[in-house]
Amino acid sequence: MAILAQGVGWAVVLGFGAFFAIFMTLLSLAQARYQGEVQTSEMFMTAGRSIKTGLTASAVVSAWTWAATLLQSSTVAYKYGVSGPFWYASGATIQVLLFAILAVEVKRKAPNAHTFLEIIRIRFGGTAHLVFMAFGLATNLIVTAMLILGGSAVVTSLTGMSTYAACLFIPIGVTFYVVAGGLKATFLTDYVHTAFIYVIILLFGFTVYATSPLVGSPSKLYDLLSRAAVAHPVTNNQGGEYLTMASSGGLIFGIINIVGNFGTVFVDQAYWQRAIAARPSSTVLGYLIGGLCWFAIPFFLATTLGLAGVGLESDPAFPTYPDRLDAASVSAGLVATSAAVALLGSGGALAILILVFMAVTSASSAELIAVASIVTYDVYRTYFKPTASGKELVNFSHGVIGVFGVVMGCLGIALDRIGVSLGYLYLLMGVIVSPAVAPIFLSLTWRKLNAAAAIGSCVFGFACGIAAWLAVAYHESGVLDLASTGNDNPMLAGNLVSLGASALFAVVVSLLSPADFDWEVTKTGLQQLAEPEDTDMALVAEEEDPDKLDKAAKFAYTSSIVLSVVLILVWPIPMYLSNYVFSKPFFTGWVAFGLAWSLVAAAIVIFLPIWESRAGVVHFFQGVSADLSGKSKKATSSSSKAALDTGAAGAASAPKTRSEDEFITVA
């Protein structure tokens, strides 16, 4: 299904990669010039711990928007109907919402941490540190594999470009711009990528529901889906309909999705990195807003392209007409791609190619800096050179980023060679990484958790989860292979047992021999690396106020739990139990709701970061203008502080920093 020329694939993979690498290099030089910013180890890995709400939310959305978000969500829409997009979105939103609790607890109990593993080491010791490091790096590898597999599959299917070449070259541009700008580079490119993603999703939405001659309205798509249900009814859906939430397959997928994604949020350093980089006043809202804005992406995109893929299979414009998509193409995530081609031809192919490439590269940048943080701080600085200077840490992290960029490509090739698809890996991830979820959460929220419980719960949960997964697969099929182990029931059993057995072990063992941990240990046991360039990099006293942080924590617990209950219980379960099949007006309202949510989310993610940093952005361009006119000069301390309010797109810097005092401004 190579709709585009192979040269287009190379142009997107190398051209966009080169553009962002050059852009970030120039932006880093500009920040040094106009903001006096020095790339110290703290700035490189934590962005000065000064990122505001809007950019935090944008970064959360970007980090959580994988190739799977765009591709697998449409796959489950194709398989289960309207329940698929909902369960994908809700089942992967609640983890980000609940992570707001851990994000604020980091600010309260370990404000100087660089990684979550540092907290584990301080609290439980070296053995626990190594065990959790294994789970953390495994999470990074699994997420990376899904990104590369999904991205390369789309590039190959649309352009005919070699899968192996796509796997190797997709990470190259990302590697360069992360080396150039560090964590801040990932935040700023996240912002740009996320803006592109929302615009393209809305383009597809208006095409399907307003302008396309093939569909053109929710009413027409409703008719197409009703006919599709007659031609090939959905097994275990009410009446075989696509237009119902009463779907056993959708519900099973939802449970797997919920359990599996706890691991890939709570155990992924990329999300801790964003919490660490955010200002205390921005942390909770950043994750709550980011989670709710992210919901719109898989929900509306899959309700658009996933359902359109079902409805248009009987149309000659569909790439595989008169045949349906084969199982391999569906598992590879090509439903959205096929629907886009049917709707817009080569233009749709190019749009989906750019959409997926943006998602893959922005999420890949988050994984690169996450792995670099773990290897630099938890391996190199902890076990090899505790006295390493900031410059040595930055140089070492550059090397780690380069090496892992190559590993990303090689891992994608290896998994493709053995036949592991994006869909298989997505369902499997929870079995592997979920055992670390409960002890990580409890390590920052429960004094009584002891070291034996923390370590043992990971090992016990992993062993039980693998055993349950394989046992159910063998019981159902009599063999153990990719097909039998990839079925829904084995994956469901493995995911539930991995998470549940680990949580039960951690709680029971801790209650038998409870600890009484003093949080002052994590507050004082971890320190930022002081360097001459950033010794003044400290948060204003108001933001460090324990009373304010306590109030933020209470808000995080209440709001995230309430929103999670609404998304996975209050909203979907009554619809499932009622066996309701959507009427045409109800489906029209469902679509309108998704469109409205997407428009609001796009507006927040695109414009809130700019609004929050409006003074800094204006001052940044004033500095550029002054340089071009030859009128620049050093500002006084007071003028730079008055002019600069940073932490967002294009002009971020910590409050009360040395860079503010030395800012170059306009006379």
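Residues numbered from 1 in each chain as written. Predicted model: local features only at pLDDT ≥ 70, side-chain atom pairs only at ≥ 80, totals over all residues. Heavy atoms only, no water.

Each aromatic ring pair is summarised here by two numbers: the centre-to-centre distance and the angle between the ring planes. Summed over the entire model, instances satisfying the criterion amount to 37 aromatic pairs. An angle of 80° between the planes, with centres 5.3 Å apart, marks the rings of tyrosine 580 and phenylalanine 586 as edge-to-face. For tyrosine 580, a relative accessible area of 33% translates into the label partly exposed. A ring pair is formed by phenylalanine 593 and tryptophan 597, whose centres lie 5.3 Å apart and whose planes are at 90°; its orientation type is edge-to-face. Pair noted here: phenylalanine 593 and tryptophan 597 are both in helix H25 (residues 584-612), with a separation of four residues, about one helical turn. Joined through ring pairs, the aromatic side chains of Phe86, Trp87, Phe295, Phe299, Trp571, Tyr580, Phe582, Phe586, Trp590, Phe593 and Trp597 make up one cluster. A cation over a ring is seen here: lysine 109 above tryptophan 519, with NZ or CZ 4.1 Å from the ring centre. (Phe/Tyr/Trp six-rings, centres within 6.5 Å; stacked < 30°, edge-to-face > 60°. Buried < 20%, exposed > 50% of the residue type's maximum accessible area, 1.4 Å probe, protein only. Helix = DSSP H or I, 4+ residues; strand = E, 2+ residues; numbered from the N terminus. Lys NZ or Arg CZ within 6 Å of the ring centre and 35° of its normal.)

This paragraph deals with helix H12 (residues 280-312). Residue pairs three or four apart in sequence face the same way in an α-helix, which turns once every 3.6 residues. Over its 33 residues, H12 extends 48 Å from the first C-alpha to the last, a length consistent with the 48 Å expected when each residue adds 1.5 Å. Where H12 bends most, the angle comes to about 35°, and this point is alanine 302. Within H12, 29 of the 33 residues are buried, leaving the element largely enclosed by the surrounding structure. (Expected span 1.5 Å × (residues − 1). Bend = angle between axes of the 7 residues up to and from the residue.)

Quick look at the nonpolar core now. Counting residues in each nonpolar core, the largest one holds 206 residues, and the members touching the most others are Trp66, Phe99 and Phe587. If we skip the residues at most four places from it in the chain, phenylalanine 99 touches Val265, Phe266, Tyr271, Trp272, Ala275 and Tyr287. (Core = buried A, V, L, I, M, F, W, Y, C linked by side-chain atoms within 4.5 Å. Contact = heavy atoms within 4.5 Å.)

On to the pattern of salt bridges. In this structure the tally under the stated criterion is eight salt bridges. Where lysine 584 meets aspartate 223, a salt bridge forms, and the shortest distance between an N and an O atom there is 3.0 Å. Of this pair, lysine 584 sits in helix H25 while aspartate 223 sits in helix H9 (residues 218-231), and the two are 361 residues apart along the sequence. Given the relative accessible area of 28%, lysine 584 is considered partly exposed. Accessibility expressed as a relative area gives 28% for aspartate 223, which makes it partly exposed. The shortest N-O distance in the salt bridge between lysine 385 and glutamate 392 comes to 2.6 Å. A single network of salt bridges, built from pairs that share partners, joins Glu105, Arg108, Lys109 and Asp550. (Salt bridge = Lys/Arg side-chain N within 4 Å of Asp/Glu carboxyl O.)

Before going further, it helps to examine the packing of helix H18 (residues 437-445) against helix H21 (residues 488-512). Closest axis-to-axis distance for the H18/H21 pair is 8 Å, and the angle between their directions is 40°. Classified by the angle between their axes, H18 and H21 sit oblique to one another. Of the residues in H21, those in contact with Val437, Ala438, Pro439 and Leu442 of H18 are Leu499, Ser502, Ala503, Ala506 and Val507. A breakdown of the residues in the contact of H18 with H21 according to their chemical character gives eight nonpolar, one polar and no charged. (Axes fitted to C-alpha atoms, helices over the stretch in contact; angles between N-to-C directions. Parallel < 35°, antiparallel > 145°, perpendicular 65-115°, else oblique. Nonpolar A, V, L, I, M, F, W, Y, C, P; charged D, E, K, R; others polar.)

In this structure, glycine 290 sits in helix H12. Residues glycine 290 and serine 58, 232 residues apart in the sequence, show an inter-C-alpha distance of 6.3 Å. Discounting residues that sit within four places of it in the chain, glycine 290 has contacts with Ala57, Val60, Val61 and Leu285.

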